[in-house]
Amino acid sequence: MSRIGLGLLWLLHLLPYGVIGRIGTAMGVVLWPLARKRRAITLRNLELCFPDWTQARREQVGRAHFICVSRAFLERVVLWWASPARLERVLHLRGAVDEALHGAGAVLLLGIHFEGMDAAWTALTLAAQRPLSGMYTPQKSKVLDRWVLDGRSRFHTERIVSRHEGAGGMLRALRRGTPFYTLPDMDFGERHSRFIPFFGVPAATLDAVPRLAASSKARVYPVVARMLPGYAGYEITIHPAWDHFPTLQDGRLADIDADLLRMNHFIEQRVLEMPEQYHWVHKRFKTRPPGEPSLY
């Protein structure tokens, strides 16, 4: 992304929210036939996860997904530049807000890769009465990288931890009592991952959540962001903390695979509620167990 492109995005945020959303919808419609590689990945993911669906159903969800992806990208101009008063009109935070954001003790906020993931982060940091920290994947473009970092650091942010730092940066934040927002449901390779079923397909699943929760004695609160119909913004729900998570015996992790399976099952249930909003353009099953062929 160039500085000129960033300037055009800044101008875009001055438009009414509904207009920005409609531009994003149009962009998603246009990208569906043009972005052939991402379209193929999306359809393959849907085929693997929903083999009982018809091809027409997968294409319907895929087209709707491209609209969600495009809208979420453009609507970041509102998340990262609009006033707090405007944000409060489009970000609707509910659930265990006081318990997760304002209570004492270590808190791990378990995000999910729905297209509203950045809306969730903005809503959390805007509502929090203490600084939060979160995970961050560096961008190749320096201009885009700075835009993302600045946007995610607007409100009550202690630190954005680079994914290259690994779990150490996350653990230090948790032990300081800083709630940490992480999104573990992507394929980051075999390192620190286990092959856990996701919609019945073995998926490289980061083991960071149960390990961090055990090491810091953190309560784990799932956070789900939903793009609302009618260009009404986003609903961000903080679900109650999971009981008996992770599985411990004598203070040590007893069954990481069971913990990760529980996490994946929770994500599956939320995906079934709004399949078009999950991040299907990512190769979720790129890393395969030893000896298994590529699925893409």
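The rules we used
Residues numbered from 1 in each chain as written. Predicted model: local features only at pLDDT ≥ 70, side-chain atom pairs only at ≥ 80, totals over all residues. Heavy atoms only, no water. Helix = DSSP H or I, 4+ residues; strand = E, 2+ residues; numbered from the N terminus. Rg over C-alpha atoms; globule rule 2.2 N^0.38 Å. Buried < 20%, exposed > 50% of the residue type's maximum accessible area, 1.4 Å probe, protein only. Contact = heavy atoms within 4.5 Å. Areas by Shrake-Rupley, 256 points an atom, 1.4 Å probe, with all protein chains shown as cover. Lys, Arg positive; Asp, Glu negative; His and termini not counted. Charge placed at Lys NZ, Arg CZ, Asp CG, Glu CD. Pairing = 2+ DSSP bridges. Axes fitted to C-alpha atoms, helices over the stretch in contact; angles between N-to-C directions. Core = buried A, V, L, I, M, F, W, Y, C linked by side-chain atoms within 4.5 Å.

Turning to the overall build of the protein, a few remarks are in order. Check the secondary structure of the protein and you find twelve helices and eleven strands. Against the globule reference of 19 Å for 296 residues, the protein gives a C-alpha radius of gyration of 19 Å, in line with a compact fold. Relative to its 296 residues, the protein shows a buried fraction of 54%. Sequence separation of 24 or more characterises 75% of the internal contacts of the protein that already satisfy a separation of 6 or more. Total accessible area computed for the protein in this model is approximately 13,700 Å², and 55% of it derives from carbon and sulfur atoms. Counting 39 positive and 27 negative side-chain charges, the protein places the averaged centre of each group 7 Å from the other.

We now examine the environment of A214. One can find A214 in helix α11 (residues 208–216). Apart from the residues within four sequence positions on either side, A214 is in contact with P246, L248 and L253.

Another point: the sheet that holds strand β1 (residues 91–95). Pairing in this open sheet of seven strands is mixed, and the strands run β1-β9-β8-β2-β5-β3-β4 from one edge to the other. Two strands in the sheet have a free side with no partner beyond their single neighbour: β1 and β4 (157–162). Sheet twist, expressed as the mean angle between neighbouring strand axes with direction ignored, is 25 degrees. Pairing analysis gives five bridges linking strand β8 (residues 219–227) to strand β9 (residues 234–238), with the strands arranged antiparallel. Paired with V223 across the strands is I238, a residue of β9. Set on the sheet, helix α9 (residues 142–152) makes contact with β3 (132–136) and β4; between it and β3 the angle comes to about 155 degrees. Against the sheet, α11 touches β2 (107–111), β5 (180–182) and β8, its axis set at about 170 degrees to β2.

Attention now goes to the nonpolar core. Counting residues in each nonpolar core, the largest one holds 49 residues, and the members touching the most others are L91, L109, Y181 and I238. Looking at this core, the element that brings in the most residues is helix α8 (residues 117–127), giving seven residues. For L109, the contacting residues outside a window of four places in its chain are A100, L101, L124, L132, P179, F180, Y181, T182, Y221 and V223.

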